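# What the coordinates show
What follows is the residue order along each chain.
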Amino acid sequence: MVSLFATTQPDGPCGVFTDALRNHPDIEVVGIGANGREVVEAIRSTSVDAVLFDEAYADLARTIRLSAEIPLNSSPSMVLAAESVTRPIIVKSIACGFDGVVSITDELRLAAKRLTDIVNGDERLVDEPLLAELQYTPGLLVRQLVCAGPIDREVMDLVGAGLSDEAISGTLKISIQEVRNRIEGLLTSNGLSSRTHLAVARASHVVIPDFT
Amino acid sequence: MSSYRISRDAQFSRLNSCPHQVKEEEARLLPEGLPTSTLVDDAEFTEVTDHGEVYTLFRIVRFTHEFDHHREGWTHLANVVRVRNQAIGVAHLLINDRVIHEAKVVISSEQL
């Protein structure tokens, strides 16, 4: 039996899907969240196995992960409810820190099975064959970026603000060689593969301090 | 035998281009024991490839040549090692004020 908490509008497609799940013998819907605090409490609850997010709230999910400092692959599983499981949805889900995706247009039996498999760890997004050929960094948008010191942090901020290496060099009054060496260090220490990954990860790092 | 008259503009252009043409590319071998600190403040530099996306850290082992008037603008040639995922190679460098502004590395051997 999977204890499910849903984050959705009750009358939206995901709300209707959640309502339908109430009738499934393997799923117990324990609540529906109306705001971020309720979702954080549900995620921190030991009695919830999975938190289901409406596709429209995918960004909320990653902000919650960042703000509440919830590590990836922790319990409960965070699951995105999408119209269908397409490659863009899978990529977005991995970037936003979801553990899995279910299709709300699938047969209820199949969706419930997928949900159960995600909670049991039998269905992992990173194992999706669709992603095998992409050089993608999982959890890109929910990374807590690490940096060695204040200058590295400034370099990271300026990369996130869209400045070129030359512009960063001019802004911080450090050589272009030092700028590039520091960016290389940031990419390596954060497991990122390209400068754009660093810029996106930094620019999307939105933390709401009052979440806990 | 045919003869050609060269226009005044063309003559002027040729005269102007002469100083550049006589500056031939020259590579001077540098002494084997030359410390890297003679030419740069920091022997570690990052090569940026793939349209500015991929950053790879290298360390200069030894400067081998100094260029005059290199057609691509490089000032030095050096033996380098890749700091992560070890490999060795040769780097064309553009050095200005003891800072490496641009680099192009050719990897010659890498660790399997």
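Coordinates for the structure precede this section.
Residues numbered from 1 in each chain as written. Chains lettered and ligands numbered in written order. Predicted model: local features only at pLDDT ≥ 70, side-chain atom pairs only at ≥ 80, totals over all residues.

### A short note on the overall build of chain A
If you tally the helices and strands in chain A, you get nine helices and five strands. Its helices and strands taken in sequence order, chain A reads β-α-β-α-β-α-β-α-β-α-α-α-α-α from the N to the C terminus. In terms of principal-axis extent, the alpha carbons of chain A reach across some 65 × 40 × 25 Å. In chain A, the share of contacts with a sequence separation of at least 24, taken over all contacts with a separation of at least 6, comes to 67%. (Helix = DSSP H or I, 4+ residues; strand = E, 2+ residues; numbered from the N terminus. Contact = placed C-beta atoms within 7 Å.)

### Comments concerning the overall build of chain B
Counting its secondary structure elements, chain B contains one helix and six strands. Mapped in sequence order, the helices and strands of chain B form the string α-β-β-β-β-β-β. Burial status across chain B gives 17% buried among its 112 residues. Expressed as a percentage of contacts within chain B between residues at least 6 apart in sequence, the contacts between residues at least 24 apart total 39%. (Buried ≥ 20, exposed ≤ 12 C-beta atoms within 10 Å, placed from the backbone.)

### Observations regarding the nonpolar core
Counting 58 residues, the largest nonpolar core has A:Ala50, A:Val51, A:Phe53, A:Val79, A:Ala81 and A:Leu115 as the members making the most contacts within it. When residues of this core are sorted by domain, at least three fall in each of domain 1 (2-131) and domain 2 (143-203) of chain A. Residues contacting A:Leu115, with those up to four places away along its chain left out, are A:Val2, A:Ile27, A:Ala50, A:Val79 and A:Val102. By size, the runner-up hydrophobic cluster in this structure holds 13 residues, among which are B:Phe58, B:Ala78, B:Leu93 and B:Ile95. (Core = buried A, V, L, I, M, F, W, Y, C linked by C-beta atoms within 7 Å. Domains from an automatic or database assignment.)

### With respect to the interface of chain A and chain B
How big an interface is tends to be stated in terms of accessible area lost as the parts join. Every contact between the two is made by 12 residues of chain A and, on the other side, 14 residues of chain B. Take the side of chain A that touches chain B: its biggest share by element is eight residues, from helix α8 (residues 176-189) of chain A. Residues that form the side of chain A that touches chain B fall into these classes: three nonpolar, six polar and three charged. (Nonpolar A, V, L, I, M, F, W, Y, C, P; charged D, E, K, R; others polar.)

### Thoughts on the environment of B:Glu44
The residue B:Glu44 is located in strand β2 (residues 44-49) in this model. Spatially, the C-alpha atoms of B:Glu44 and B:Leu94 are 14 Å apart, while their sequence positions differ by 50 residues. For B:Glu44, the contacting residues outside a window of four places in its chain are A:Asn181, B:Leu57, B:Arg59 and B:Val83.

### Description of the pairing of strand β4 (residues 77-82) of chain A
When a strand is regular, its side chains alternate between the sheet's two faces. Residues and elements named next belong to chain A. When you tally the buried positions in β4, you get six out of six residues, the bulk of the element. Going residue by residue along β4, you find Ser77, Val79 and Ala81 tucked away on one face and Met78, Leu80 and Ala82 tucked away on the opposite face as well. With five bridges connecting them, strand β3 (residues 50-54) and β4 associate as parallel partners. Paired with valine 51 across the bridge in β4 is methionine 78. (Pairing = 2+ DSSP bridges.)

### With respect to the pairing of strand β5 (residues 87-96) of chain B
Residues and elements named next belong to chain B. Bridge count for strand β4 (residues 76-82) against β5 is seven bridges, and the pairing is antiparallel. Each bridged residue has a counterpart across the sheet, and for alanine 78 the counterpart in β5 is alanine 91. Once β4 ends, the chain turns through four residues before running back antiparallel as β5, passing asparagine 85 with a positive phi of about 50 degrees. Examined bridge by bridge, β5 and strand β6 (residues 99-110) share 10 bridges and lie antiparallel to one another. Its bridge partner lying in β6, leucine 93 is registered against alanine 103. Where β5 folds back onto β6 in an antiparallel hairpin, the turn is made up of two residues, including aspartate 97, whose phi is positive at roughly 55 degrees.

### Focus on the sheet that holds strand β5 (residues 100-103) of chain A
Sheets are built from strands that pair by backbone hydrogen bonding, the pairs being arranged parallel or antiparallel. Residue and element names in this part refer to chain A. One open sheet accounts for five strands, arranged β2-β1-β3-β4-β5; its pairing is parallel. Each end of this open sheet is capped by a strand with a single partner; those strands are β2 (27-33) and β5. Taking the axes of each pair of neighbouring strands and ignoring which way they run, one obtains an average angle of 30 degrees across the sheet. Its contacts with the sheet put helix α5 (residues 108-120) on β1 (2-7), β2, β3, β4 and β5, and the angle it makes with β5 is roughly 175 degrees. (Axes fitted to C-alpha atoms, helices over the stretch in contact; angles between N-to-C directions.)

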